[in-house]
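Survey of secondary and tertiary structure
Here is what each chain is made of, one letter per residue.
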Number of protein chains: 4
Amino acid sequence: MTQKLWGGAFKEKVSPVVEDFTASIAFDRRLAGYDIEGSIAHVMMLARCRIISLREKNLIIKGLKEIAGEIKSGKFRFKAADEDIHLSVEKRLHRKIGEPAGKLHTARSRNDQVALDLRLFLRDEIGNILKLTKNMQKCIVDLAEQNIKVVMPGFTHLQHAQPVLFSHHILTYYYMLQRDVERLKDCMKRVDCLPLGAGAFAGTTLPIDRMFLAKQLGFSNVCEHSIDAVSDRDFAAEFLFCGALLMMHLSRLSEELIMWASPEFGFIEIGDSVLTGSSMMPQKKNPDVPELIRGKCGRAYGNLVNTLTMMKGLPLSYNRDMQEDKESLFDTVDTLKKALGVYPVFLRAVRLNADRLNSLAGEGFTVATDLAEHLVAKGVSFREAHERVGKLVRFCMENRKSFEDLGKEDFRSFGFGQEVVKLVSAAGSVKRKKSLGGTSPGEVRRMLRKARKTLYA
Amino acid sequence: MTQKLWGGAFKEKVSPVVEDFTASIAFDRRLAGYDIEGSIAHVMMLARCRIISLREKNLIIKGLKEIAGEIKSGKFRFKAADEDIHLSVEKRLHRKIGEPAGKLHTARSRNDQVALDLRLFLRDEIGNILKLTKNMQKCIVDLAEQNIKVVMPGFTHLQHAQPVLFSHHILTYYYMLQRDVERLKDCMKRVDCLPLGAGAFAGTTLPIDRMFLAKQLGFSNVCEHSIDAVSDRDFAAEFLFCGALLMMHLSRLSEELIMWASPEFGFIEIGDSVLTGSSMMPQKKNPDVPELIRGKCGRAYGNLVNTLTMMKGLPLSYNRDMQEDKESLFDTVDTLKKALGVYPVFLRAVRLNADRLNSLAGEGFTVATDLAEHLVAKGVSFREAHERVGKLVRFCMENRKSFEDLGKEDFRSFGFGQEVVKLVSAAGSVKRKKSLGGTSPGEVRRMLRKARKTLYA
Amino acid sequence: MTQKLWGGAFKEKVSPVVEDFTASIAFDRRLAGYDIEGSIAHVMMLARCRIISLREKNLIIKGLKEIAGEIKSGKFRFKAADEDIHLSVEKRLHRKIGEPAGKLHTARSRNDQVALDLRLFLRDEIGNILKLTKNMQKCIVDLAEQNIKVVMPGFTHLQHAQPVLFSHHILTYYYMLQRDVERLKDCMKRVDCLPLGAGAFAGTTLPIDRMFLAKQLGFSNVCEHSIDAVSDRDFAAEFLFCGALLMMHLSRLSEELIMWASPEFGFIEIGDSVLTGSSMMPQKKNPDVPELIRGKCGRAYGNLVNTLTMMKGLPLSYNRDMQEDKESLFDTVDTLKKALGVYPVFLRAVRLNADRLNSLAGEGFTVATDLAEHLVAKGVSFREAHERVGKLVRFCMENRKSFEDLGKEDFRSFGFGQEVVKLVSAAGSVKRKKSLGGTSPGEVRRMLRKARKTLYA
Amino acid sequence: MTQKLWGGAFKEKVSPVVEDFTASIAFDRRLAGYDIEGSIAHVMMLARCRIISLREKNLIIKGLKEIAGEIKSGKFRFKAADEDIHLSVEKRLHRKIGEPAGKLHTARSRNDQVALDLRLFLRDEIGNILKLTKNMQKCIVDLAEQNIKVVMPGFTHLQHAQPVLFSHHILTYYYMLQRDVERLKDCMKRVDCLPLGAGAFAGTTLPIDRMFLAKQLGFSNVCEHSIDAVSDRDFAAEFLFCGALLMMHLSRLSEELIMWASPEFGFIEIGDSVLTGSSMMPQKKNPDVPELIRGKCGRAYGNLVNTLTMMKGLPLSYNRDMQEDKESLFDTVDTLKKALGVYPVFLRAVRLNADRLNSLAGEGFTVATDLAEHLVAKGVSFREAHERVGKLVRFCMENRKSFEDLGKEDFRSFGFGQEVVKLVSAAGSVKRKKSLGGTSPGEVRRMLRKARKTLYA
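Residues numbered from 1 in each chain as written. Chains lettered and ligands numbered in written order. Predicted model: local features only at pLDDT ≥ 70, side-chain atom pairs only at ≥ 80, totals over all residues. Heavy atoms only, no water.

Section: the overall build of chain A
- A tally of helices and strands in chain A yields 18 helices and six strands.
- For 457 residues, the compact-globule estimate of 2.2 N^0.38 gives 23 Å, and the C-alpha radius of gyration of chain A, at 30 Å, exceeds that figure by more than 25%.
- C-alpha atoms of chain A, sized along the principal axes, occupy 100 × 55 × 40 Å.
- Among the 457 residues that make up chain A, the fraction classed as buried is 72%.
- In chain A, 76% of the contacts between residues at least 6 apart in sequence involve partners at least 24 apart.
- A total of about 13900 Å² of accessible surface is found on chain A, and carbon and sulfur atoms cover 50% of it.
- Charge separation in chain A, taken as the distance between the mean sites of 70 positive and 56 negative side-chain charges, equals 4 Å. (Helix = DSSP H or I, 4+ residues; strand = E, 2+ residues; numbered from the N terminus. Rg over C-alpha atoms; globule rule 2.2 N^0.38 Å. Buried < 20%, exposed > 50% of the residue type's maximum accessible area, 1.4 Å probe, protein only. Contact = heavy atoms within 4.5 Å. Areas by Shrake-Rupley, 256 points an atom, 1.4 Å probe, with all protein chains shown as cover. Lys, Arg positive; Asp, Glu negative; His and termini not counted. Charge placed at Lys NZ, Arg CZ, Asp CG, Glu CD.)

Quick word on the domain arrangement of chain A
Residue and element names in this part refer to chain A.
- In terms of domain boundaries, chain A breaks down into domain 1 (7-106), domain 2 (111-149 + 162-198 + 221-358) and domain 3 (360-455).
- Contact residues are listed per partner, giving 22 residues for domain 2 and 23 residues for domain 3.
- On the domain 2 side of the contact with domain 3, Gln 162, Pro 163 and His 168 bury the most area, a combined 31% of that side's loss.
- Along the contact surface separating domain 2 from domain 3 lie two salt bridges.
- Residues Arg 452 and Glu 145 are paired through a salt bridge, measuring 2.6 Å at the closest nitrogen-oxygen approach.
- At the boundary of domain 2 with domain 3, the tally comes to 11 residue pairs in polar contact (both at pLDDT 80 or more).
- Sorting the residues of the side of domain 2 that touches domain 3 by element identifies helix H6 (110-146), strand S2 (159-165), helix H7 (166-191) and helix H13 (354-360) as the ones contributing at least two each.
- For the side of domain 2 that touches domain 3, the element with the most residues is H6, which contributes seven residues.
- Taken together, the residues of the side of domain 2 that touches domain 3 break down into 11 nonpolar, six polar and five charged. (Domains from an automatic or database assignment. Buried area = accessible area lost by both parts, 1.4 Å probe. Salt bridge = Lys/Arg side-chain N within 4 Å of Asp/Glu carboxyl O. Polar contact = N/O pair within 3.5 Å; in protein donor to acceptor, adjacent residues only side chain to side chain. Nonpolar A, V, L, I, M, F, W, Y, C, P; charged D, E, K, R; others polar.)

A word on the pairing of strand S1 (residues 151-156) of chain D
All names here are of chain D.
- Of all six residues that make up S1, six are buried, and the element is covered over most of its length.
- As paired strands, S1 and strand S2 (residues 159-165) are joined by six bridges and run antiparallel to one another. Bridge assignment links Gly 154 to a residue of S2, and that residue is Gln 162. (Pairing = 2+ DSSP bridges.)

Digging into the relation of the copies chain C and chain D
- Laying chain C over chain D is done by rotating through 180° and shifting 0.0 Å along the axis; what remains is an RMSD of 0.0 Å. One copy is carried onto the other by what is essentially a two-fold rotation axis.
- Here 100% of the interface residues in chain C have copies in chain D that are interface residues too; the copies meet face to matching face. (Least-squares fit on C-alpha atoms with pLDDT ≥ 70 in both.)

What about the interface of chain A and chain B?
- Counting residues at the interface gives 116 residues for chain A and 115 residues for chain B.
- Contact with chain B buries area across many residues of chain A, yet Glu224(A), Leu316(A) and Arg383(A) alone supply 8% of it, more than any other trio.
- Linking chain A to chain B there are 20 salt bridges.
- Across the contact surface, chain A and chain B share 66 residue pairs in polar contact (both at pLDDT 80 or more).
- Looking at the side of chain A that touches chain B residue by residue, the class counts come to 47 nonpolar, 34 polar and 35 charged.

Structural notes on the interface of chain C and chain D
- With 115 residues of chain C in contact, the opposing surface of chain D contributes 115 residues.
- Taking both partners together, chain C and chain D bury about 9600 Å²; carbon and sulfur atoms supply 58% of that area.
- Connecting chain C to chain D are 20 salt bridges.
- A salt bridge links Glu224(C) to Lys450(D), with the shortest nitrogen-to-oxygen separation between them at 2.9 Å.
- Taken together, the links from chain C to chain D amount to 66 residue pairs in polar contact (both at pLDDT 80 or more).
- The dominant element in the side of chain C that touches chain D, judged by the number of residues it contributes, is helix H7 (residues 166-191) of chain C, at 13 residues.
- Among the residues making up the side of chain C that touches chain D, the classes are represented as 46 nonpolar, 34 polar and 35 charged.

Description of the relation of the copies chain A and chain B
- Once chain A is rotated about the relating axis by 180° and shifted along it by 0.0 Å, it coincides with chain B to within an RMSD of 0.0 Å.
- Taken together, the interface assignments show that 99% of the residues at the interface of chain A recur at the interface of chain B, consistent with an identical surface on both copies.

Observations regarding the pattern of salt bridges
- One pass over the structure, following the stated rule, counts 184 salt bridges over all chains.
- One salt bridge connects Glu327(D) with Arg299(A), and the closest N-O pair in it is separated by 3.0 Å. With Glu327(D) in helix H12 (residues 325-348) and Arg299(A) in helix H11 (residues 288-311), this pair bridges two chains.
- Among the residues examined, Glu327(D) registers a relative accessible area of 26% and is labelled partly exposed.
- The residue Asp325(B) makes a salt bridge to Lys326(B) at a minimum N-O spacing of 2.9 Å.
- On the basis of relative accessibility, which here comes to 4%, the residue Lys326(B) falls in the buried class.

Comments concerning the side chain of Asn111(C)
- Residue position: Asn111(C) is located in helix H6 (residues 110-146).
- Accessibility expressed as a relative area gives 9% for Asn111(C), which makes it buried.
- Reaching out from Asn111(C), the side chain makes a polar contact with the backbone oxygen of Ala200(C) at a distance of 3.0 Å.
- If near-sequence neighbours (up to four positions away) are discounted, Asn111(C) is found in contact with Gly199(C), Ala200(C), Val230(C), Tyr318(C) and Thr156(D).

Structural notes on helix H14 (residues 368-377) of chain A
All names here are of chain A.
- Of all the 10 residues making up H14, nine are buried; the element is thus mostly covered by neighbouring parts of the structure.
- Residues of H14 that are buried include every one of Ala 368, Thr 369, Asp 370, Leu 371, Ala 372, Glu 373, His 374, Leu 375 and Val 376, and no others.
- For H14, the elements touching its buried residues are S2, helix H15 (382-398), helix H16 (408-413) and helix H17 (426-432).
- Positive backbone phi, at 105°, marks Gly 379, one or two positions downstream of H14.

Focus: the environment of Asp142(A)
- In this structure, Asp142(A) sits in helix H6.
- For the pair Asp142(A) and Arg452(A), spaced 310 residues apart in sequence, the C-alpha to C-alpha distance is 9.3 Å.

Remarks on unusual backbone geometry
- The peptide bond linking Leu316(A) to Ser317(A) adopts the cis configuration, its omega dihedral lying at -10°.
- Along the chain, Ser317(A) turns up in the loop between H11 and helix H12 (325-348).
- Even without being a glycine, Glu83(B) presents a positive backbone phi close to 70°.
- Along the polypeptide, Glu83(B) turns up in the loop between helix H4 (54-72) and helix H5 (85-97).
- Assessed through its relative accessible area of 9%, Glu83(B) is described here as buried.
- Phi is positive for His157(D), close to 55°, though the residue is something other than glycine.

Quick notes on the packing of aromatic side chains
- Going through the model one piece at a time under the given rule, you end up with 60 aromatic pairs over all chains.
- Centre to centre, the rings of Phe155(A) and Phe265(A) are 6.0 Å apart; their planes meet at 40°, and the pair counts as tilted. On the criterion of sequence distance, the pair formed by Phe155(A) in strand S1 (residues 151-156) and Phe265(A) in the loop between helix H10 (234-261) and strand S5 (268-270) is long-range, its members being 110 residues apart. As far as the burial class goes, Phe155(A) and Phe265(A) line up, both buried.
- Measuring from centroid to centroid gives 6.1 Å for Phe411(D) and Phe416(D), while their planes differ by 75°, and the two rings are edge-to-face. A single burial state applies to Phe411(D) and to Phe416(D), both of which are buried.
- Three or more aromatic residues joined by ring pairs form one cluster here, namely Phe155(A), Phe166(A), Trp260(A), Phe265(A), Phe267(A), Phe155(C), Phe166(C), Trp260(C), Phe265(C) and Phe267(C).
- The ring centre of Phe330(A) lies 4.7 Å from the NZ or CZ of Arg30(A), which sits over that ring. (Phe/Tyr/Trp six-rings, centres within 6.5 Å; stacked < 30°, edge-to-face > 60°. Lys NZ or Arg CZ within 6 Å of the ring centre and 35° of its normal.)

Some words on helix H18 (residues 441-455) of chain A
Residues and elements named next belong to chain A.
- Taking 1.5 Å of rise per residue, 15 residues should cover 21 Å, and H18 covers 21 Å from first to last C-alpha, within 8% of that figure.
- If you check which residues of H18 are buried, you get Glu 443, Val 444, Met 447, Leu 448, Ala 451 and Leu 455. All buried residues of H18 lie within an arc of 135° about the axis, which places them on one face of the element. Exposed positions of H18 whose direction lies more than 90 degrees from the buried face are Arg 449 and Lys 453.
- Turning to H18, the residues buried within the fold contact H6, S2 and H7. (Expected span 1.5 Å × (residues − 1). Arc of directions from axis to C-beta.)

Printed below as a string of structure tokens:
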């Protein structure tokens, strides 16, 4: 056995600079557990297909399990000359059990092996991320339920637009995340495919059994076409996109929380335990958590661009460029897990300034649309109603009055009946928005019940 | 009626510079047909819910249909002062039928209206793109079937690796595109939701019927939560990602075709009718089509980054930034339709140089793995077999021989039996790769039958 | 003359689908003026080098000038079958002046010609963008000068941090844009190079004079190496990056203006003439201009990614992928010109709520750092001073007091001398920040003078 | 002293989850050396300005130097609770020298401190990258000089276009990298500015001397405006762009080398010492180095997108999002250094197959343009000449002949004189391309001399 496991045809030793540059062991060691899991299933299949003996199978599996233990306990020594996790394990196995180790890589290439490792890894991590996302959704639903009576100004263009229930507003994020959940599940369908058994890319002349492998490793599907199996990284790109969109959603929530926590908005108070201070300014208490999450959105976008760029224009089948698929994947996985892990802690430290929200809800003529719709109900065309209310607003602005300052007389002079006086409260406005999915307490409660049912199903 | 349909509260006229800058009519006019379709459904609903009268409904629908005709025939005059497609149509309607036009926008905002238009547009275009993708897949399957006997060198790292059937190789692209089809269908689930009825974002006080709207417009689902309905552009981002990945796949095929058409590869001949010439070099015939498609991959990536960036950190609910969602969407739709439209024409003009492919298939010791697996079948460990074949290859290289130049004696001196001589043909190698999804004629034919069944289902 | 100007070696006509797909005339017609300018210089050179006759030169130039006129006046008919602007012009010239037209393309390829057109275009447009950027900077300086006495709360983490002059704050954007100016000028050095004379990429056997061409077309440098001259698009990518960064700067300003215009901040009032309304909500007045500009940041990023992706992994020399360089370049140019064109109009409609800013400047214990630095000046270590002021702040928070509510007694109990009472005004704090570039009126006025000098140099 | 250096105003301890999430020490420890260098300059300034005593200065500097030693030798223990490199060092200093440590952070914030660290780091690393780039350029120039006599087919659209000197072709990459050098130097102008002394963002009330700091730390300029100084990350984005473009250039070279090394091209042989093998296919020798570098282009693009996204829409002044600036910067620095470090090793193992290149140079009618230009020199219009040569090519193609197979008779029948026979050699064609920057040996040698002069200046 030469030092390199593939050195037979080589006349010269690989330059150490090249060895260092091409080695992936510094990061793919993270896949060690999956690599060994895959190898164990592989030798079980080889034995079952009588390509290796039962004795060999048992020896190899025993050795692999010991190595798994060594890695877990930190005893395993990784080095660049061993190139990657696959060869590191095989070499160690050889030192452990000798010759039979040479049978492990039968009917297998690193091309299908690494695709397997990545898919096993991602299958697990998508599961973890789904759990964390649901946990975050629960947190949002709790916040919505705890504050079901708070009315706040709803915004478009960051201007007061119409009063809404705070619960209605915050529930938007539940819906965003619910789409993330669905997208991740759709992505999972394409992750959950077995590539092992494709060999280098052309298949093998040995009588292997890929369906057995799939069953053994719990895959729902097989990456049928052997060239496709080793040259496909769609599943990684798709996951990176799902992650980018999820982080985009969190960046929007973060933006709102940061704004709400500013003294000018003052919509929320945040507990000291999730804030951090300034090294120079003694009074500062900063919402670093949502800021960092907003910033990390860039990271998720960058990782997506990284992988898309890498795959552009690659000829079939495997090219070494594809080694670059791992770090961006790991980074998005970690970013999602960290962000989804810390956010519930942060959200639970948030308290609404309910009085302020309630009192601001009606400011800025937020019931103007109600007045117009009231006219509509009385037969006026909406466009005329809009115009009339617009003029009323202009009158108020020029005279620095709110709707609540107006008397029946004022309303009448703009063509409104006296019943309008009752329409100007924000709380009343909210109650009247009974359309499906609208901000009325009934609709919001219905959506909350539905969300809870989905989450705790 | 003031000139602006929303001018009631304004003291000053909008500056023309601002009017020009904010107008979207130059590009959203493309949505005209969908806008009118949505408006017709909307007034049907308003009448059904007795918010407007039957007479008003009929007048409005008649007017809208006339406007649709004017737009189709190119008679409609769009201008920046009319801001966008929504107000352009409403204003025209007002000039046509007078006062009842003012009832069209009842219980509706441009926020839910534009979300509707975009979804109607995308629903249609995803349908078109799916058809074009399938057409492209059929073309690939045809190419695979027509050349089922051609063996070629399969590549990893752009080095000869193992012989494969050309049909096997090209079928990889069928599988890539099949994932695109599945992803687009998953995306469609999230596009196929009705946002109309969300109003500006809070719902409405008027007794509308969103389920009727959904049924009328053929939507499978309703964007239930009204704030989410107007602030969500996930469906656009997801489509842009699907498009980016599809273009990435086409960029890979393009890279291969461009290389194969080079004199050095000489794998294919391309008919003059799909090539273009040089203004300076009289002999040139260039494969511009795959080059441009490879280049347009950048466009699809750029459009995705555009929309992801635009949505980053946006507070709820609607912000004008979101007007920027359209052009990148249109551009990716057009790019996909053009690329998928021209590619079959190009592919049908491609002819394989079968003799060259067959003769290259065995060059570069591409059956080396078979030799190793042969030893494995005889009980040698794969790692030792790999080493032995490696040394044999080195011997051949140093003596400038191919496997076919070797006699039984040579093989014997490296420990191979005389039966090995029969293993060195590329065609034979291909036949022996019978593992599931491997390159054997049996497996490839099976995959072809399956593909054909899927495509013509 | 065949229909295609390069058809000699072709047996079949180009398929119309391919013709449509590969044609660039729909967008590169925008380069018509530059194309003709380049052609005129080219024939002057050809005549000077005695490659064509004086008579031919004059005929061609006369013809080209007429075509320029036809294009300007909209009479010129562009069609896809003419492929691109270069051949459209040459064909028209042939119909105009016959045979001598065939001499125009001597010693030239579309490869060097299009590189020339793009560089001429970009050279002009960078000039325009520099002017617009300076105009925007002047606007910022004016705003700073008009409000030199207004103190506002400076923010970190969107929390009140220290009082600053509004003029100081807004001047940050002058500095950002000044870096954009410098970067665009550096980029210009690499745009301002003549590629013409590179031919297809290998140069020419004809005795041309590239230095004359450079002089004639006003280029400071020549793209010396002929292969590099046609395969380089760095100048486009670099400009797209400069544009992306400039739009990022504008997105930051936009974010602030949008926030400041919210009722909660209420830092500014914006004139009706630069706001727009809502189709549904009669009271709405929205800051669409900064919102759209913030959104258009995505566009500039997307265009950069587009071109970087397109160039990735392209072999030398010219590849048709590179035709995709134009639309993203045009789009960023247009985006910058529109954004920089409208922003001064918008900014001039902005009025500060000076009273509100002045009164908020001291809220949130923004002078806390001053108190700590005061202790430092008296010999206390900064870390201890920070701690002591921190505790004072906590005392105030728990007792709902501001620093101004505290008496000498309170201060004394936390170890501050009685002189501290004089330190708690925001205006005073600003005056004391005399460090270089700090917020003191002296420093801000000095920076304003310097800015004005740079802008009006 | 509380545990947190900023905890005075806080009632609760920071949650460990938040502490972990917000800590940057895991990656910013890389800046330790720069952080201490900056701190030493800072205390020298504080002493000089009599803000601290000489004794304090000396104590602090001695302590800092010891800490620098501890970090270098790996003895320093970093922990998440210490947040970042700045506070880790300050806390350690406090444990070392007690009270005077509390004076280190006088008139300084982490906001200006981290900007300083990043700029010091990047200033160094740009220097390193410039050296490595020049080294790579030298390698290219060597390769060009060693192979000055080799003629090869020049390509457009990956089709044979015109013969060129190999030296001419490869020198293109020298020119690309030369632009990278210039761009990095331009970028350096904007990196080489001192932000220290800006404080948190508003400056300080203490009598500091920023010019002294700049001089002490070797900065050519001062980031004058204090708010800009802490909120600007342009220098990082600009560097990331320079890195993206440099990697794009390397990806193009890599693409060519990978293609040239394929058996079909066979343009080059690569020494075993820079190739790697396959775990499954015994004969494989793969050019992993250029493949990985081509793949790493995605990484550089992704890092750029990351930072641009992160900065989009950030209000002034410092926001915690900006902590995300570091890892992408580190990663691009490392990627560039690794790629530029390994590439010369790889290139030196490349040998041209000169015979093959020379013989292919004339294949594919690559001298066709010369024939047309020959007609031009005799007075024929280029367009007619192009057409005539085109027809000659078509004749040859249909009769499967090369130009060299044609007799004078054949040429005459297409209207060429007998002298044309002498024009059909590739080597002759190259010699005649004497235009400035063209492929003639004279021009190429001139460019080589110039390059060498620039590199060894």
